[in-house]
Amino acid sequence: MSVTDKLTARLPMIGDRVDRKDVVAVVKLHGVITPNASPLGRGTINLAAVESALTRAFGHDRLKAVALLVNSPGGAPTQSGLVAERIRQLADEKGVPVLAFAEDVAASGGYWLACAADEIYAHRTSMVGSIGVISGGFGFTGLLERFGVERRLHTAGENKSRLDPFSPEKPEDVEWLKKMHSQLHELFVGWVKERRGDRLSADEDLFTGDVWLGVKALELGLIDGLGSLRQVIAERYPDAEIAIAEPKKPLLARLGIGAPAAASALLDAVATKAAWSRFGL
């Protein structure tokens, strides 16, 4: 056999299998859930912000599983539902398991996202749960008068100005808000029951909006086990490599602009701090 023939024989033929590692794709779901897009894409979760990362994660050729790294105090229920439904859609199309890992917090909308996974894991110190609905605001009745400002509000429809912060609070408006909260709570509870099934305990406090640490969350059936992403993935998929699926950077980030407008940034920072501070973070 000539030298050329020997070298050619060592080359893989078309159709031969090239030994490549399987992949567990990781998507980071970090931040407050809000429809308001961040110019720099930091600290917020919504469908527009995570769509590209989800598409990349589920698009791997050698995909064994997708891991969701959840660290969120919650936020907008609609965006929670949209992101969770997109995860389920992609998982069903690819036929791969989805595992969620709670970090500091997977509460309220953050837990809604975690329930999109087939299995949920948490650290023993993670805060999990908060299956409830909350909204808040401020009343500025009398503030404008104090500074000599006259506000003029004109509406068509008697309920168009419900819960206007510069008008006295009406009992009927509060009752309307409570009904909305009840309906959203029922949807949240229904989603958790659909995804967790008979793994949930019969504890009467399960859907009161309370939050538990990882060990208690495991007892209640809110999670499937204690452990970190790398620990669980190493045990379940020892031969797979972990691939982080990063979202596409927003335009301002690609241009290297370091901060949005000062007033907008301040308001976003206050709202974000308020959301995390409910959990002491």
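Our structure's up above, just so we're on the same page.
These figures come from a predicted structure and were not determined experimentally.

Peer 1: Quick question: what am I supposed to make of the packing of aromatic side chains here?
Peer 2: Geometrically, a pair of aromatic rings is defined through the distance of the ring centres and the angle of the planes. Overall, the coordinates contain three aromatic pairs when judged by the stated rule. Here W112 and W191 contribute two aromatic rings whose centre-to-centre distance is 6.4 Å and whose plane-to-plane angle is 25 degrees, an arrangement assigned as stacked. Of this pair, W112 sits in helix α4 (residues 109–114) while W191 sits in helix α6 (residues 171–196); the two residues are 79 residues apart in sequence, bridging distant segments of the chain. With respect to burial, W112 and W191 carry one shared label: buried.

Peer 1: Hey, could you run me through the pairing of strand β4 (residues 63–72) in this one?
Peer 2: Successive side chains on a regular strand alternate, one facing one side of the sheet and the next facing the other. By the criterion of burial, β4 is predominantly enclosed, with nine of the 10 residues buried. Of the strand pairs in this sheet, strand β1 (residues 22–30) and β4 are connected by eight bridges, and their pairing is parallel. Residue pairing for β4: A25 is matched across the bridge by V66. In this structure, β4 lies alongside strand β5 (residues 98–107), joined through six bridges in parallel fashion. Pairing of L68 across the sheet is with A100, part of β5. Between β4 and its parallel partner β5, the chain crosses via helix α3 (residues 77–94), and the hand of that crossover is right-handed.

Rules used throughout
- Residues numbered from 1 in each chain as written.
- Predicted model: local features only at pLDDT ≥ 70, side-chain atom pairs only at ≥ 80, totals over all residues.
- Heavy atoms only, no water.
- Phe/Tyr/Trp six-rings, centres within 6.5 Å; stacked < 30°, edge-to-face > 60°.
- Helix = DSSP H or I, 4+ residues; strand = E, 2+ residues; numbered from the N terminus.
- Buried < 20%, exposed > 50% of the residue type's maximum accessible area, 1.4 Å probe, protein only.
- Pairing = 2+ DSSP bridges.
- Right-handed = clockwise from strand over helix to strand, strands pointing away.

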